[in-house]
Structure formats: structure tokens, C-alpha cells
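Listed here are the chains, written in short residue letters.
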Amino acid sequence: MKKFGSLVVMLLLGLTFAQVDKSDWPAEVVFATVPVETTEDATAKMQPLVDYLSERLGIPVTFRNGADYAAVTIAMQSGQVDIGWFGPGSYLDAYDQAGAEAVVKENSLTAGDGYFSVIIAKKGSGIESIEDLQGLEFAFVDPGSTSGFRVPMYSFCNQLGIEPKEYFKRTYFAGTHENVILGVMNGSIQVGATYDLGIVNAVNKGQVKEDDFDIVFTSDKIPASPIAVRGALPDSLKQEIQTALLEFDDMEFLNNLGFSNFLEASHEEYEFFREINQYNEVNCL
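Here's what I pulled together on the structure shown here.

Rules of the game
- Residues numbered from 1 in each chain as written.
- Predicted model: local features only at pLDDT ≥ 70, side-chain atom pairs only at ≥ 80, totals over all residues.
- Heavy atoms only, no water.
- Phe/Tyr/Trp six-rings, centres within 6.5 Å; stacked < 30°, edge-to-face > 60°.
- Helix = DSSP H or I, 4+ residues; strand = E, 2+ residues; numbered from the N terminus.
- Buried < 20%, exposed > 50% of the residue type's maximum accessible area, 1.4 Å probe, protein only.
- Core = buried A, V, L, I, M, F, W, Y, C linked by side-chain atoms within 4.5 Å.
- Axes fitted to C-alpha atoms, helices over the stretch in contact; angles between N-to-C directions.
- Parallel < 35°, antiparallel > 145°, perpendicular 65-115°, else oblique.
- Left-handed = near helix turned anticlockwise from the far one by under 90°.
- Contact = heavy atoms within 4.5 Å.
- Nonpolar A, V, L, I, M, F, W, Y, C, P; charged D, E, K, R; others polar.

Remarks on the packing of aromatic side chains
This model, assessed by the stated rule, comprises 18 aromatic pairs. The interplanar angle of 70 degrees and the centroid separation of 5.6 Å between the aromatic rings of Trp85 and Phe262 together place this pair among those described as edge-to-face. Of the two residues, Trp85 sits in strand E3 (residues 83-85) while Phe262 sits in strand E13 (residues 259-264), which places them 177 residues apart along the sequence. For the residue pair Trp85 and Phe262, the accessibility class agrees, reading buried in each case. Here Tyr167 and Phe168 contribute two aromatic rings whose centre-to-centre distance is 5.4 Å and whose plane-to-plane angle is 90 degrees, an arrangement assigned as edge-to-face.

Right, dumping it as C-alpha cells:
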């Protein structure tokens, strides 16, 4: 009798799934991430999730690694990207400019539904405090990066009393978190901003060791990065994407990124971040 009952439930679930109207769905879905590492590495890393979504949705899912942070928002705005993996700051840009809707967020193994911006220096460089940074060249990631630019700038301006253009010899953008992490490790970058999970990722890839760096500064907790869908997509597709991500359980994939799973997200939890988004090297002075 139990077997019969289970069979009925399975059949009903299958019927429910089959009744999803896909007539207005696109022929394929494009999933893009803001650039954390090289396109080759990002493509290989994301393949298990892309394959899973293709199977769950029943339509091809194509991956793209953003040329820069703004490129993902612009591509979503023009309908060329359907799903975007953003930081909180770049998500708000995508919400305002491309109608992005947050559906899930990361659940970190170390910090739960959040992560941290960190300022790093090479171990043994003698750079161990904020005071040691004065007069050095400082590498940010990208103007759209939450942990690699916007949070550090907010911290400088509001918590540390630092005017970057006056305090540092030079500030510049390295392009990706990986560029900052590897640049600091090999000595081509004196000091730079990145995020804690970026270091976890680099350690798991065998690129660096945890003790290669001194953490000069750690920010307040940042809300977990969201994955968002293009608002113009059919509601049924947006719901299926969210459900698929919430049920994704490839632990090797997740743990390598420092996550345990994805959690449901809403736009409201990111609205407060607008105050941080406004800080840059112009209005900090």
C-alpha cells in the first residue's frame, strides 16, 4: 500500500511539472556572473551548475563571464542575459537599470548569509595595519565590485577617516578579485581589497595558501551575494529558476566556493545598501 501511495505522489508531481506552461519561455537562458576570475576558470567552475539548470529547466543554459561588472547589467538590460550572479552593490545597479529580481542568495560555510571585504598584504611585507598603508599603491577590483571597491571606500570614508586620494600614492583597478589576490601574493600589488570567499576559492584551486597573506582590515558583514533573474522573463520561468537553485545540492561545487547551499532572497534586504553604493573617490574627499 505504501508503494502504491508513493507512486501516486510521484505521478501527481510529474503531472504538476508537466502542466507548467512553457509556451512563452525563451529558447535558451543565458547565465552570467560578474568577473571574479578568468573566463576560462569561471566557465569550468560554473559548468556543473549550468548543466544542472539546463536539465531542470528543459532548455539550454549558456554561461558567460562578464567582461566587467557593468557589462553584466548592460547585457541584462538589453535582454542578452537572463540570470545574473551579482554582489549586493552591482545587484542594485542591475535592479535599477535592468529590472533584475533577486531570487536566491549564497549561504556561506563561515559567515552564513553574508561575507566580508578584506584588505590584504603579502605575509612578511611588514604591512600589518591601516597606518602601514599610507603612501602605498592600493588596488581595488572594479568600480562595480561590492567588496572590492564600494565597501572599502565606505569604510575609508565613514569608519577610518581616510581620503584615499590623499592617503595612498596611487589607487587603481585590477579588474578581478583573482587579480588582486594573486597580485598581492606574487608581489606585483602592494596591497588591495578583495573578499574572504575569494581567498577560499583561490586556496581550493591551489593558487595560494591561507597564510600567504596578512589581513590588514576586515569590514562589517556584507549581505550575501544574490543571484537575480531578468524581470521581463515569464513568471513561471522565474519561479522554476528559483526552485531549481534552492534545491541544488552539488556539495563539491558549493563547498569549493565556500557555500553550503542557496537561500531564498528578496529585493528588500538589499535596499539599505544604497547608502554604501554612493561612495566613490569623488564624494569621499
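Some thoughts on the nonpolar core
Counting residues in hydrophobic clusters, the biggest one holds 91 residues, and the most contacted among them are Leu49 and Leu133. The biggest single contributor to this core is helix H2 (residues 39-57), with seven residues.

Concerning the packing of helix H3 (residues 69-77) against helix H4 (residues 88-98)
Between H3 and H4, whose axes approach to 9 Å, the crossing angle comes to 25 degrees. One element, H3, and the other, H4, form an angle in the roughly parallel class. In the crossing of H3 with H4, the sense of the turn from one axis to the other is right-handed. Together, Tyr69, Thr73, Met76 and Gln77 of H3 and Ser90, Asp93, Ala94, Gln97 and Ala98 of H4 make up the contact between the two elements. Residues of the contact of H3 with H4, tallied by class, amount to four nonpolar, four polar and one charged.

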